[in-house]
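# Architecture and fold: a report
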Amino acid sequence: MNHTFKKTAIAMGLAQMTMMLGAATAQAQTTDNTAGTGSAINSADANKPPVSVVVTGQRAALQSAQKIKQNADEVVDSIAADDIGKLPDRSVTEVLQRVSGVTIDRAMARNDPDHFSVEGSGVSVRGLSYVRSELNGRDSFSANGGRSLNFEDVPPELMAGVDIYKNPSAEQVEGAIGGLINLRTAMPFDYKGFKAAISGSETHSELRKGKASPSTSGMVSNRWKTPFGEVGALIDLAYSESATRTDAVQVEPYYQIQDNGRTVWVPKGAQWRSLNFDRTREGAYGALQWKPNSTLTTGLTFFKSKYKMQWDEQAIFGSADPYAIKVVDGVYGDNGALLKGTLTNSDPTKGINFNNDTRTAWRKSDTTDISWNARWRPNDRWTIVADLQKIRANTHSVDSTVATGLKMPKEQLDLTGSVPTISFDATDRAYLANPNNYYWAFTMEHLDRAKADSKAGKIDLKYDFDSPVLRDIRFGARMTDRDSTTENSNPSYNWQGITQDWMGGLQGKLAYLGDPRFSGSTNVHSFNNFFNGKIDVPAVAFPDVSLAQGYPDSYAKLHAYRGILCAENGTTCDPWTQATFGGDPRGINQQSEKTKALYAQARFGFDELKYPIDGNVGLRMVKTDSHAAGYTLFSSSATPGPGIPVIVPFARPENFDNSYRNWLPSLNLRLKATDNLQFRFAFASALSRPDPSQLQAYTKLTQSVDNNSQVVSYTGEADGNPNLRPITAKQVDLTAEWYFSRVGSVTLAVFNKRLKDVIVKQTTINQLPDTAGVLHDFTTTAPVNGAKGRARGFELAYQQYFDMLPGDWSGLGLQGNFTFVDSKRTLYNGVYSPYCTGAAGGAANLNLNLNGCDTNGTTFGNLPLENLSRQSYNLALMYDKGPWSARLAYNWRSKSLQAVNVSGTNGTDGTDTNPASATFGQRNLAWGVPTWADDYGQADASVSYKINDRIQIGLEAQNLTDAKYKVLMQQSTGMMGRSWFSSGRRYTARLTYNFE
């Protein structure tokens, strides 16, 4: 019985038990009208007055969210704040992961599996990252977040609730295939009168001892009767800090080598690192509402979020020449992979090369949203809503690394435990702690900045019918105008050696710290309390943080060391060249986009049927016009001669326009079997437009000639493709929903999304004329709409408070959900080859980038969609009774593909094992293995006590079990461990004061 089947069977068994328990509870609540959350009163009690019970805290939040789900026209899940400024988690991403079908990434950035995000990063819905974000029903985004918000940038204290729409209707703004996530804030008219609260908290990280993280928020709202009508005003402010630390142990990719006549798999080294992360998040929200009369309500909102982060890292990278590794006392598993042993170099003078990085990175981002809305009801039939919005988003980032290096004689590995053990004897530890053994190795810088502006306007009209079937007709129009500019340094990550063995002019000399000319600006760093004291790693000499922060002046000083050594050898070395930033066409991506949308939607109901049916049917038409300002570069290495066409080299700016129209029908049906049991059917066509980064219009074309065959080659590489079309989907949902109490339900949703025009990197044709006017085809690697796919599965959710239990036990509740998603991607033009080819690992190596290649020259293929877990679940034990409220929650997701061919798990020294290859046996292949996020579960808890109607205190804990996050490498010998991350526990104390 495989793992997937067992998990599914467990989930279905749990569902059966919860349905039986829910049935018993519903029966108990039917026969006992004293139950505070009972939803039914039997006929014998029909003449008794109902008991009125006011619920608060998380029970009230769950009741509100359940009501939204039950009464919605679409398939939707919600989370509501259980008090002013208090969603149930520390970040919006952590809140979202509690919803069935929603998972969050833990990598700090996509394509960067080497850095862990404590609060989570990207969001996927039903296994798909094609997610749209809204703020109060309006489009919202971050400058560096593609088309959606970076949810970790948003202060959760400003949110009143979050809605996740999983199959949109025609009246909703297009752009969501995975799901539409709407963040809701409060409005003044949401409250009967004056309402105000302040809260403060302080968080301590177990690993980041001595660094407290304060947070505070405050909201005040009121409404007044005036001679000009009713007026309301609301102000909400939030500020929070987070200081965390993440420790990591990493193992390098495995290579196939010979050890005592046996073919084995051995990693080329292992290393460790520690990262301190500091985040500041600020938010300001204000709202004004005016109701001059009973027919007109208008409102103005201002929302601003500011996000600032900095992280400093000390990281060791240890790797040897994989084909010169010598294993002493090696122990291997049945698959031939090393379990434990001592790694050395067969050439003792070279040893195991260690690079010791000091890396600092910071980012500042902000988003400002100003919106106006007016709702006019001129009579009892017509409702007219007008809406205007303006968004401005900015971000700026610098990432800087300075590294020393040394040559370690040996390294002892033990990979048999839950976390690898890297050991050094006393001699090795002394060697590591001596700065004189280190040399200046390399620097690497990256800079980026981006800004995006958007203006949107829409008008919606609704006409209510007095009809037994037709409820209303809604129709409207929406227009948007969006501009964005992104600038990256070129090269994006500019790695340059300071002194390396292979660098010309040095003649084997390196800039050792023991030389007074090159000494200083380093420190010996001790990894105290590493992995919460569970792992002991030695102290290592690192560059001072000031060197990483001092770019570019500090870089220029370090790279001058090479010039000194070259001069001693009577040679001249090329000077250091810093990355260009600003003005370089390759680093600039300018996009503009305008959309025009029209929709019509009818709501209907057949209430006289034995099983009433209601729903809506609609059609949305949207036209997209995009413009990209780009650059095309052509160069030739061909020497003019007979049979060689002449194309004049050029570098010129070019503009690209793209336009497409999409028709998006939708149908939502609901059948009510009883007042508490209902079924839904939903069908819709949906789209997700390409991210601006995929539309960049920079293309480099090259003409070259093989000197032996005189064959002319025409190739190219594009950073983006301004002619991309949107990804589209046909999606179907079927749900069964049983609401057996006000906070009690069992729901099942089955879904199927069929994707078309998924964007992948493949080849396309660019044409250029020669001097004779003959067009030549340049085979260019670029993003194209080159695949189709699917995501299908089911979601099962249950929640209930056990009000039938006696006394204080009646405050107990249970909430859980389980999601299963199966995915598949099929290329329109397959590029699979069983063996890897090519010495270059760039975008043109399609088999490598789409299917992955191992160090032994074989290909993987059949990879799923990225960031998709087949299974995920949440389980929460809750308590609400009197002044006490508590929750113990556990979130889990199965492994998911992160990326293929990313830094650290790729190279160009793979062995060619293709028997038909002319270079069979040579170590000249580009390789890149797929990396996967392993199964991960985390337990969090909270408890609060309401001292009186005004004061509430609370304690929260994240990652109670000190769970370790693990990254895997897919290799021919199996799923091998790549990284193990420990972030420790976090504890928060909270105080809230409500004003009356």
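Attention in this report is confined to the structure presented alongside it. (Residues numbered from 1 in each chain as written. Predicted model: local features only at pLDDT ≥ 70, side-chain atom pairs only at ≥ 80, totals over all residues. Heavy atoms only, no water.)

## Re the overall build of the protein chain
In terms of helices and strands, the protein chain carries seven helices and 48 strands. The C-alpha atoms of the protein chain give 31 Å as radius of gyration, which agrees with the globular expectation for 996 residues (30 Å, within 12%). With 996 residues in all, the protein chain has 55% of them scored as buried. Pairs at least 24 residues apart make up 74% of the contacts formed inside the protein chain by residues separated by at least 6 positions. (Helix = DSSP H or I, 4+ residues; strand = E, 2+ residues; numbered from the N terminus. Rg over C-alpha atoms; globule rule 2.2 N^0.38 Å. Buried < 20%, exposed > 50% of the residue type's maximum accessible area, 1.4 Å probe, protein only. Contact = heavy atoms within 4.5 Å.)

## What to know about the side chain of T632
Along the polypeptide, T632 turns up in strand β29 (residues 613-636). At a separation of 2.5 Å, a polar atom in the side chain of T632 contacts the side chain of E654. (Polar contact = N/O pair within 3.5 Å; in protein donor to acceptor, adjacent residues only side chain to side chain.)

## Some words on the sheet that holds strand β21 (residues 410-414)
Pairing is antiparallel in the open sheet, where four strands are placed in the order β17-β18-β21-β22. Lying at the two open borders of the sheet, with one neighbouring strand each, are β17 (325-332) and β22 (421-423). Taken pair by pair, the neighbouring strands of this sheet meet at an average axis angle of 15°, ignoring direction. Of the pairings in the sheet, the one linking β17 to strand β18 (residues 338-345) comprises six bridges and is antiparallel in character. Bridge pairing in β18 links V328 to T342. (Pairing = 2+ DSSP bridges. Axes fitted to C-alpha atoms, helices over the stretch in contact; angles between N-to-C directions.)

## Considering the packing of aromatic side chains
In total, this model carries 37 aromatic pairs according to the counting rule given. Relative to Y698, the ring of Y631 has its centre 6.3 Å away and its plane inclined at 5°; by these criteria the two rings are stacked. Separated by 67 residues along the polypeptide, Y631 in strand β29 and Y698 in strand β32 (residues 698-705) bring together distant segments of the chain. A relative accessible area of 8% places Y698 in the buried class. (Phe/Tyr/Trp six-rings, centres within 6.5 Å; stacked < 30°, edge-to-face > 60°.)

## What about the state of the cysteines?
In total, this model carries one disulfide according to the counting rule given. Covalently, C566 is tied to C573 through a disulfide, its sulfur atoms 1.6 Å apart. Here the S-S torsion is close to -70°, and the disulfide linking C566 with C573 is therefore left-handed. (Disulfide = S-S within 2.5 Å.)

## Section: the nonpolar core
In this structure, Y254, V266, W272, L343, F354, W440 and F530 are the most contacted members of the largest nonpolar core, which totals 68 residues. Top contributing element to this core by residue count: helix α6 (residues 553-568), with five residues. Of all hydrophobic cores here, the second largest spans 31 residues; its members include V154, L183, M187 and L234. (Core = buried A, V, L, I, M, F, W, Y, C linked by side-chain atoms within 4.5 Å.)

## Considerations on the sheet that holds strand β8 (residues 161-167)
Strand order in this open sheet of five strands is β1-β8-β9-β6-β7, and the pairing throughout is mixed. Strands with a single pairing partner mark the edges of an open sheet, and in this sheet they are β1 (75-80) and β7 (138-139). The sheet contact formed by strand β6 (residues 131-135) and β7 spans two bridges and is antiparallel. Residue pairing for β7: E134 is matched across the bridge by D139. Sheet strands touched by helix α2 (residues 57-71): β1, β8 and β9 (179-184). Its angle to β1, the strand with the most contacts, is close to 165°.

## Some words on a positive patch on the surface
Together, K390, K455, K594 and K596 make up a positively charged patch on the protein surface. Tracing the sequence through the fold places K594 in strand β28 (residues 588-606). Among the residues examined, K594 registers a relative accessible area of 47% and is labelled partly exposed. (Patch = residues over 30% accessible without salt bridge, like charges linked within 9 Å, V, L, I, M, F, W, Y side chains within 5 Å. Areas by Shrake-Rupley, 256 points an atom, 1.4 Å probe, with all protein chains shown as cover. Salt bridge = Lys/Arg side-chain N within 4 Å of Asp/Glu carboxyl O. Lys, Arg positive; Asp, Glu negative; His and termini not counted. Charge placed at Lys NZ, Arg CZ, Asp CG, Glu CD.)

## Topic: unusual backbone geometry
In this structure, P491 follows N490 across a cis peptide bond, with omega equal to -5°. Note on placement: P491 falls in the loop between β24 (470-488) and β25 (494-497). Of note, the bond from Y551 into P552 is cis; its omega dihedral lies within 30 degrees of zero at 5°. Note on placement: P552 falls in the loop between α5 (545-549) and α6. At N529, a residue that is not glycine, the phi angle is positive and equals roughly 55°. On the secondary structure map, N529 appears in the loop between β26 (522-525) and β27 (540-543). The backbone phi angle of N959 is positive, close to 55°, even though this residue is not glycine. With respect to the helices and strands, N959 occurs in the loop between β45 (951-958) and β46 (964-971).

No statement about biological role is implied by the geometric values presented.
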